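# Fold and contact review
Each chain, written out:
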Amino acid sequence: MTTATSAPPTYDDVQVVVPAPGPGAGNWAGAASAVLVDGVFWLTWRVRRPLTDGRGVSVVVARSDDGLTFEPVTEVAREAFGAESFERPVLVPLREGGWRLYLSCATPGSKHWWVDSLTADTVEGLPDGVRRRVHEGDRDTGVKDPVITVGEQGYEMWLCCHPLDEPGHEDRMTTRRLTSADGLAWDDHGEVLAGREGQWDARGARVSAVLPDGTVLYDGRPDAESNWFETTGVATWDGAALTRSAQPPIASPHSDGAFRYAAAVPLPDGRVRYYVEAARPDGAHDLVTCVR
């Protein structure tokens, strides 16, 4: 069994990488993913405004030499996909060369989500890249916020699923694991994480990061009122099952306490650089980073 050794992120000494797009609740920079390729950090995140101002309006891709100061390279608007909102994107360097951007898209006028992709030879070319539907979800399930890792055997996805069978309860979430040879056609291996009745993650559990040593970070919340304000739990993946740590969830000390959508970048020196969407005192969420 794999033993997790990576120290998880905490709010103690974070640095702001991308500030919220405005002050106050609902203005959030986050839901990020990140990867280190040939000494360059690539970061992608969604820009979100309050519900009255359009929710997730765009996805930005940026690069950095130090993991702290990022220069935007390209941006994708939700209108190009006919989406009502964007949530977590994922930027993946492909095994066969080139890049793919996975996008979480909200179906207009519903609680349904689907996952689309753009593929191009360069990051700069992604907005005009080849578009492909990756996961449709179905009538009873919305799918979004994938976590995708690349290995010798192909691609692995941890997919957040929202059951739509009970009106008014679509915020519930579970995680399923899928694998693929090409990152486009996926085999579903079933549910690996769900809420636990009476626990801090009772309302749902969404994998947010998977590290090579088996450390897994996931978002959870106790009730529907905590939607958008998830905190981070720690688990271990042994190749067959996830085992949750008994430690309390990791939270921001500010406002709604959100500390969610953690992304993990293993560094050459054995440490990990994390990027996390974290609540600040005025209720907005900044995208912050720390090294552990």
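Please refer to the structure placed before this passage.
Since this is a predicted model, take the numbers as computed values, not measurements.

### A few points about the overall build of the protein
Across its full length, the protein holds zero helices and 20 strands. Each principal axis of the C-alpha atoms in the protein carries an extent, and together these give about 45 × 45 × 40 Å. When contacts within the protein are restricted to residue pairs at least 6 apart in sequence, long-range pairs at least 24 apart make up 49% of them. Of the side-chain charges in the protein, 28 are positive and 43 negative, and the distance between the mean point of each set is 2 Å.

### Thoughts on the pairing of strand 8 (residues 113-120)
Burial runs high along strand 8: eight of the eight residues are buried. Of the two faces of strand 8, the one holding Trp113, Val115, Ser117 and Thr119 and the one holding Trp114, Asp116, Leu118 and Ala120 are both buried throughout. As paired elements, strand 7 (residues 99-106) and strand 8 share eight bridges and run antiparallel to each other. Of the residues in strand 8, the one forming a bridge with Ala106 is Trp113. Where strand 7 hands over to strand 8, the hairpin turn is made up of six residues, of which Gly109 adopts a positive phi near 70°. Pairing analysis gives five bridges linking strand 8 to strand 9 (residues 130-135), with the strands arranged antiparallel. Note that in strand 9 the partner of Ser117 across the bridge is Arg132.

### As for the packing of aromatic side chains
Taken as a whole and judged by the stated rule, the model has seven aromatic pairs. Aromatic side chains Trp42 and Trp99 sit 5.4 Å apart centroid to centroid with 55° between the ring planes, which places their arrangement in the tilted category. Highlighted residues: Trp42 in strand 3 (residues 40-48) and Trp99 in strand 7, separated in sequence by 57 residues. The exposure class of Trp42 is buried, given its relative accessible area of 8%.

### A look at the sheet that holds strand 11 (residues 154-163)
Ordered in space as 10-11-12-13, the four strands form an open sheet in which the pairing is antiparallel. In the strand order of this sheet, the two ends are held by strand 10 (141-151) and strand 13 (187-193), each with one partner. Averaged over all pairs of adjacent strands, the angle between strand axes in this sheet comes to 25°, irrespective of strand direction. Taken together, the four bridges between strand 12 (residues 174-180) and strand 13 define a ladder with antiparallel strand orientation. What sits directly across from Thr179, in strand 13, is Asp187.

### Things to note about the side chain of Asp201
Counting through the fold element by element, Asp201 comes out in the loop between strand 13 and strand 14 (204-210). If sequence neighbours within four positions are ignored, Asp201 has contacts with Gly195, Arg196, Tyr218, Gly220, Arg221 and Arg244.

### Brief notes about the environment of Pro281
On the secondary structure map, Pro281 appears in the loop between strand 19 (272-279) and strand 20 (285-291). For the pair Pro281 and Pro23, spaced 258 residues apart in sequence, the C-alpha separation works out to 9.9 Å.

### So, unusual backbone geometry
The phi dihedral of Asp145 is positive, around 55°, even though this residue is not glycine. On the secondary structure map, Asp145 appears in strand 10.

Each value, and the rule that gives it
- Residues numbered from 1 in each chain as written.
- Predicted model: local features only at pLDDT ≥ 70, side-chain atom pairs only at ≥ 80, totals over all residues.
- Heavy atoms only, no water.
- Helix = DSSP H or I, 4+ residues; strand = E, 2+ residues; numbered from the N terminus.
- Contact = heavy atoms within 4.5 Å.
- Lys, Arg positive; Asp, Glu negative; His and termini not counted.
- Charge placed at Lys NZ, Arg CZ, Asp CG, Glu CD.
- Buried < 20%, exposed > 50% of the residue type's maximum accessible area, 1.4 Å probe, protein only.
- Pairing = 2+ DSSP bridges.
- Phe/Tyr/Trp six-rings, centres within 6.5 Å; stacked < 30°, edge-to-face > 60°.
- Axes fitted to C-alpha atoms, helices over the stretch in contact; angles between N-to-C directions.

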